Amino acid sequence: MSTGVPPRRARWPRPLLAGALAVAALTAAPSAGGAPADGTPAAAGTARTETPVSSASPVTGITETQVSLRIPLPASAGSHPARCDRLSYLRYRSSDGPSQSAEADRVLVAQPGILEGAGAFDSVARNTVRAAADQGEHIEFWALDRRSNCLEDNAGVATGSVSRAVGYYYEGQKIDGRAFDGFLTSDQVGWLGEIGLEQTVRDQYDLLTAELPDQKLRKEKVLCGGHSLGGVLTGVFSTWDFDGNSATKADAGFNQCAGYFALDTTIAVDLDDLNGGSGTLNGDLLPKGTVPETGLGYTVVQAGLRSGVLPRFLALPAVINPEIMNVLAISGLAARTAPGTQSTLQSDLPANDNIETTTRTMFSKNAAVFLSGEPTIRDFRLTNEAVLGAFMDDNSAPLSFIQTSVGLFDGGRLADKDFPVSNDVQGSPALFGTELKAIPDEPGGPLYTWRDFDRVGAPDDPVHRSADGTPFTTAAKEVSDIGELARSLSEQPLDFTEDYFPTKLVTDLSLVDDARIARHMAHPEGPTARPAITFVAGDGILADRVPAEKNPVVLPGYQHLDVLTAAPVQNDGSRERIATLLSAFGRR
């Protein structure tokens, strides 16, 4: 049985890669190449659907729906599944407010960050809509899903059963008579080589004009924003000229927005703020090797994407790839349905190279353990919540862009986690985060549980400490509820993670000055043409370079994902600040 693991790519020496790309530039056809046909006619489907979404969220008075519109890709994108001719978003509104979006007081439209789907916004959307309703205002929050998410198969997680999900993805079991086709590889998604900046901002514009046809209303009521890379996409959107005539400005991106909001990012047109001026995500926010080199120029890079010499979506052999994004969702499902039960996920999932290398990376005490493979995560007794915490908490997860502040391991002895970076070394906050890392230290011992964010510092807290006596965490550093994180990862019809993030979207941003992109960005005044509110996670990717000129709201203790997942009531009893301030900004 195939494990669905993407094949390993050999590491190309730079001169050889340059030569291959140069040949590709001369030979690549302009068409994208196609994914396997799904048998659905391109014209199939209703033009617009809106489906209720049920939720176990503790935030009441919110109506959530999944909206899907048929907005076809252009013919130049090449062969693609018919389902990818639709755009979708999650719509959150006050249950006692108007049912028509045009009648809302404000509509907040959010672009997701890198490797992120619409479901990641669930908590901040609910919290913000609720905070506005408590002040007598009825706002909506639209969490956009990138078009490439049409490639995901979430049927297993959607069953609500971990055993059925594992059976579907790994054991050949069918759901509604259909078997899982496996995780896609780059050669199967040639059309993604055409999905870059132009298509992404066009998708947002087309969706806005379809849902809110009155441009004056959009300019008055819509707040445009995003998280992480979504802030940069919002900045680019604000400059874009959508009718090809820069003299007419009603179509300009900034004239679709009354204001901007940035969630641990800035409204900008390049990647500098996310990378400390490096101009690339390769090695700062993401590990080196994730994003292809762009120094060879737009023509050669685009030819490489079309020919398949360059990967069409971002993935590494381990940690960052479609299968692991899916494993995060399954982990969330287990933590949601049986939080305090001893996890069997470690034994239920196959021991393929991808999963084994990922768990070693995420759960090794030091380099010696990583290299030897002993002990592995399978040698520890962990609850389902503890497994999720191991993958995503800021005191455990090694990569900053997946970190949340959801508590700490409990129930047994903890040790310093000195891999991939030692607690004695100050690493890059943008890549590894800022917090001390901890790991269970008794294989085969007690059942390790999870101490949630609001129980850190409680009278029964044993206060686990690093070798130098420093507590691994304190109440001031914890802001998100692990149960709500689990729910957001596994409950939403448009999921939290993004399995197939288009490479071209990042390479286009790295090459934003190329004339073929820059000619569309005809309104440079866009990012400053409207008022903006900027939130910065105090311990997140901008922690060592807070953009003072943006007058940001700095959120102490927050990590990069906490701006999306923070609990509505914090452990000091206060209301979550983003919800309070963002809803107030909308009212102004």
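Here, every reference points to the structure presented above.
Quick look at the structure, then. Throughout this document, residue positions are counted from 1 along each chain, in the order its sequence is written. Only residues with pLDDT of at least 70 get local features here, since the model is predicted, and only at 80 or more are side-chain atom pairs given and counted; chain-wide, interface and lining totals rely on the full set of residues. Side-chain measures here rest on the full set of heavy atoms in the structure, leaving out hydrogens and waters.

Some points on the state of the cysteines
Moving on, step 1. Our working definition of a disulfide is a cysteine sulfur pair at a distance within 2.5 Å. For the coordinates displayed, the defined rule picks out 2 disulfides.
Moving on, step 2. Between the sulfur atoms of cysteine 84 and its disulfide partner cysteine 150 the distance amounts to 1.9 Å. Negative torsions about the S-S bond denote left-handed disulfides, and the value of about 95 degrees found for cysteine 84 with cysteine 150 makes this one right-handed. Note that cysteine 84 is positioned in the loop between strand S2 (62-70) and strand S3 (86-94) and cysteine 150 in the loop between strand S5 (139-145) and helix H3 (155-158), a separation of 66 residues in sequence.
Moving on, step 3. Residue cysteine 84 is classed as buried on the basis of its relative accessible area, which comes to 0%.
Moving on, step 4. Two residues, cysteine 224 and cysteine 257, share a disulfide whose sulfurs are 2.1 Å apart. A helix here means a DSSP run of H or I that spans at least four residues, while a strand means a run of E at least two residues long, and both kinds are numbered starting from the N terminus. Note on exposure labels: buried denotes an accessible area under 20% of the residue type's maximum, exposed denotes more than 50%, and partly exposed covers the range between, all computed with a 1.4 Å probe on protein chains only.

Comments concerning the pairing of S5
Moving on, step 1. The buried fraction of S5 is high, at 7 of 7 residues.
Moving on, step 2. Burial of the side chains of S5 extends over both faces: Ile139, Phe141, Ala143 and Asp145 are buried on one face and Glu140, Trp142 and Leu144 on the other.
Moving on, step 3. When DSSP locates at least two bridges between a pair of strands, those strands are taken to pair. Bridge analysis of strand S4 (residues 106-111) against S5 gives 5 bridges, and the strand direction is parallel. Each bridged residue has a counterpart across the sheet, and for valine 107 the counterpart in S5 is glutamate 140.
Moving on, step 4. Consider the strands pointing away from the viewer: the crossover is right-handed when the path from the first strand over the helix to the second runs clockwise. This β-α-β element, S4 to helix H2 (residues 122-134) to S5, shows right-handed connectivity.

Things to note about helix H17 (residues 503-510)
Moving on, step 1. For H17, a buried count of 7 out of 8 residues is recorded, marking the element as mostly surrounded by other parts of the structure.
Moving on, step 2. It only takes one pair of heavy atoms within 4.5 Å for two residues to be counted as in contact. Residues of H17 that are buried sit in contact with helix H5 (197-211), helix H7 (229-239), helix H9 (298-307) and helix H18 (515-518).

So, the nonpolar core
Side chains of a nonpolar character, in soluble globular proteins, are inclined to be buried together.
Moving on, step 1. Residues enter a nonpolar core if they are buried and are Ala, Val, Leu, Ile, Met, Phe, Trp, Tyr or Cys, with the set joined through side-chain atoms within 4.5 Å. Ile114, Phe141, Leu151, Trp191 and Ile578 are the most contacted members of the largest nonpolar core, which totals 160 residues.
Moving on, step 2. Top contributing element to this core by residue count: helix H10 (residues 322-337), with 9 residues.
Moving on, step 3. Apart from residues no more than four positions distant in its own chain, leucine 151 is found in contact with Pro81, Arg83, Cys84, Leu184, Val189, Trp191, Leu192 and Tyr500.

Comments concerning the sheet that holds strand S9 (residues 407-410)
Moving on, step 1. The strand order across the open sheet built from 3 strands is S8-S12-S9, with neighbouring strands paired in mixed fashion. Either end of the sheet is taken by a strand with one partner, and the two such strands are strand S8 (381-382) and S9.
Moving on, step 2. Here S9 runs beside strand S12 (residues 447-452); their pairing, made up of 4 bridges, is antiparallel. Bridge assignment links phenylalanine 409 to a residue of S12, and that residue is tryptophan 450.
Moving on, step 3. The axes used here are C-alpha line fits, helices contributing only the stretch in contact, and every angle between their N-to-C directions lies in the interval 0 to 180 degrees. Strands in contact with helix H14 (residues 384-392) are S8, S9 and S12; relative to S12, the strand with the most contacts, it is inclined by about 70 degrees.

Things to note about the side chain of aspartate 416
Moving on, step 1. Relative to the helices and strands, aspartate 416 is located in strand S10 (residues 414-416).
Moving on, step 2. This buried residue, aspartate 416, is left without a salt bridge; lysine 365 holds the nearest opposite charge, at 8.3 Å.
Moving on, step 3. Polar side-chain contacts of aspartate 416 include one of 2.8 Å to the side chain of asparagine 423. Two residue types count as positive, namely Lys and Arg, and two as negative, namely Asp and Glu; His and chain ends fall outside the count. The rule for a salt bridge is simple: a side-chain nitrogen of Lys or Arg has to be within 4 Å of a carboxyl oxygen of Asp or Glu. Each polar contact in these results corresponds to two N or O atoms within 3.5 Å; when the atoms are within protein, one needs to be able to donate a hydrogen and the other to accept it, and residues that are neighboring in sequence are counted only if both atoms are side-chain atoms.

Some thoughts on the environment of aspartate 495
Moving on, step 1. In this fold, aspartate 495 is placed in the loop between helix H16 (482-491) and H17.
Moving on, step 2. When its relative accessible area of 7% is taken as the criterion, aspartate 495 is described as buried.
Moving on, step 3. Separated by 377 residues in sequence, aspartate 495 and alanine 118 place their C-alpha atoms 6.2 Å apart.
Moving on, step 4. Setting aside anything within four residues of it in sequence, one finds aspartate 495 in contact with Gly117, Ala118, Gly119, Ala120, Glu152 and Asn154.

Some thoughts on the side chain of glutamate 211
Moving on, step 1. On the secondary structure map, glutamate 211 appears in helix H5.
Moving on, step 2. Beyond its immediate stretch of four places on either side in the chain, glutamate 211 contacts Arg48, Val67, Leu69, Tyr89 and Trp142.

A look at the pattern of salt bridges
Moving on, step 1. Throughout the structure, instances matching the rule amount to 29 salt bridges.
Moving on, step 2. Residue aspartate 410 pairs with arginine 451 through a salt bridge whose shortest N-O separation is 2.7 Å. In this pair, aspartate 410 is assigned in strand S9 and arginine 451 in strand S12, connecting sequence segments 41 residues apart. No difference in accessibility class separates aspartate 410 from arginine 451, as the two residues are buried.
Moving on, step 3. Each of Glu64, Asp122, Arg126, Glu484, Arg487 and Glu491 takes part in one network of salt bridges that share partners.

None of the figures reported here should be taken as evidence of function without further support.
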